[in-house]
Amino acid sequence: MTTGTSQGIEQRRVLRTEIPGPRSRELHARKVAAVASGVGTTLPAYVVRAGGGIVVDVDDNQLIDFGSGIAVTNVGNSAPRVVDAVRAQVDDFTHTCFMITPYESYVAVAERLNELTPGDHEKRTALFNSGAEAVENAVKIARHHTGRSAVVAFDHAYHGRTNLTMALTAKNMPYKHRFGPFAGEVHRVPMAYPYRWPSGSATCADEAFEAFTATVRVQVGSDNVAAVIVEPIQGEGGFIVPAPGFLRRVAQWCAAEGILLIVDEIQTGFCRTGDWFASTHEGIVPDLITTAKGIAGGLPLAAVTGRAEIMDSVHVGGLGGTYGGNPVACAAALAAIDTMQAEDLCGAARRIESTMLTRLAALAAKFDQVGEVRGRGAMLAVEFAEPTPALAGAVSAACHRTGLITLTAGTFGNVLRFLPPLVIGDDLLIEGLDILDAAFQEVLS
Ligand SMILES: Cc1ncc(COP(=O)(O)O)c(C=O)c1O
């Protein structure tokens, strides 16, 4: 795709003031006075409009978006089909509660997810509001079906901020610090993280698999374990791509032990990694899969999709919620999925990967502070060798000042992560990469 306009917004960076500008700074002063300070803000440029890969702020600056609101606006911001579907739905009705008087769009979203998620077995889906809520429900379903209570999660994992999902999340600050006590029966095992594996990447998959099975067998007991939950590429943990073959072995072992495999595709899903779901790259078929973020083009929706016999094992009334599968969010999801199919956004993610990886590899060759470049599709990252947030924070801040929205991640805060909308034009992508080059130059030379 080439640069043009999207939703009436020219697809190029425009800087009219410093970032954040005076009007954003005024709004930010109000935010500080009115909003709980625990709700942080990465880049306090207050938004008035967004379209395609551009975010427009109150000072009329146009910022290039390499974050997609944390992997949400895969179809772009204000994607035309999504906007039209939402408008039409709001005109018709906004809410009835699917558990009271149902509507077709919820059923249609379930049908699409049953068809698109990995595996050709019979499936069922339940809809929720947020990723954390989907993870909570996947664990509920796994426990109910197996009659077992333990859950196994990995180092560097992120699964949300509710009580159970905090327990599943690995990192203390900022997610867990002084928020305990946490939900019980959660056990942690090492992730096959090749770049930081103590004996080197070559032995990573084997040793991590041994440590995983030993911990589960010895410390927990396989027949106490309802589920193992894993992100096929760890998101907040720093876009860690597990060592090749590791997840396949985990999946096979779980199947042999009667343990359910929950794959959390909340960040990796919906074409982000160049396929509909990252499980496909790993050759694994989840028993239960959690999705959210990219599912509905920016509206809040989440899902658990899984084997029919597991999902249907729960008694009537055991799953649900007032807003889960809200009709406006369902209309948006159907339009977002149509957009991904019609515009081949999986192919777009692969094209973004080939453009970006070349440029990121050039940065790695030039700056020896870079430890590793990794990721898949339009989910790419640079990890700095030094395990502190200093360099990633400084490069990201330099990008923000010059009109590029970037995010950081990683257990050590030392990862720059890139999640551009999949509809981003080539020219805008390259302009963003040029800004990133300049930020590296400014901070690292
Ligand atoms: C892999 C993964 N799981 C769960 C969540 C939680 O989703 P939400 O913020 O919608 O609750 C996230 C959010 O970043 C995520 O990346």
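Conventions and cut-offs
Residues numbered from 1 in each chain as written. Predicted model: local features only at pLDDT ≥ 70, side-chain atom pairs only at ≥ 80, totals over all residues. Heavy atoms only, no water. Buried < 20%, exposed > 50% of the residue type's maximum accessible area, 1.4 Å probe, protein only. Helix = DSSP H or I, 4+ residues; strand = E, 2+ residues; numbered from the N terminus. Pairing = 2+ DSSP bridges. Axes fitted to C-alpha atoms, helices over the stretch in contact; angles between N-to-C directions. Parallel < 35°, antiparallel > 145°, perpendicular 65-115°, else oblique. Left-handed = near helix turned anticlockwise from the far one by under 90°. Contact = heavy atoms within 4.5 Å. Domains from an automatic or database assignment. Buried area = accessible area lost by both parts, 1.4 Å probe. Salt bridge = Lys/Arg side-chain N within 4 Å of Asp/Glu carboxyl O.

Please give an account of the pairing of strand 9 (residues 225-230) that cites residues and values.
With six of its six residues buried, strand 9 lies for the most part within the structure. As judged from the three bridges shared by strand 7 (residues 150-154) and strand 9, these two strands associate in the parallel manner. Among the inter-strand pairings, Val 152 is bridged to a residue of strand 9, identified as Val 228. Direction of pairing for strand 9 relative to strand 10 (residues 260-264): parallel, over a ladder of four bridges. Residue pairing in the sheet places Val 228 in a bridge with Leu 261 of strand 10.

So, the environment of Gly 283: which residues are in play, and what are the values?
Note on placement: Gly 283 falls in the loop between helix 9 (279-282) and strand 11 (288-291). A relative accessible area of 47% means that Gly 283 is categorised as partly exposed. For the pair Gly 283 and Ala 335, spaced 52 residues apart in the sequence, the C-alpha separation amounts to 28 Å.

Quick one: what's the story with the packing of helix 7 (residues 204-220) against helix 8 (residues 246-257), residue by residue and with numbers?
Running from N to C, helix 7 and helix 8 cross one another at 25°; their axes reach a closest spacing of 10 Å. On the basis of their axis angle, the class for helix 7 and helix 8 is roughly parallel. Relative to helix 8, helix 7 is oriented so that their crossing is right-handed. Along its contact with helix 7, which presents Ala 205, Asp 206, Ala 208, Phe 209, Phe 212, Thr 213, Val 216 and Arg 217, the element helix 8 presents Phe 246, Arg 249, Val 250, Trp 253, Cys 254 and Glu 257.

Now, about the domain arrangement of the chain: what can you tell me, with residues and values included?
Per the domain assignment, the segments of the chain are domain 1 (22-65 + 344-444) and domain 2 (83-343). Counting from both sides, the interface comprises 34 residues of domain 1 and, opposite them, 29 residues of domain 2. Of the roughly 2,400 Å² buried at the junction of domain 1 and domain 2 (both faces included), carbon and sulfur atoms supply 56%. The tally of links between domain 1 and domain 2 comes to three salt bridges.

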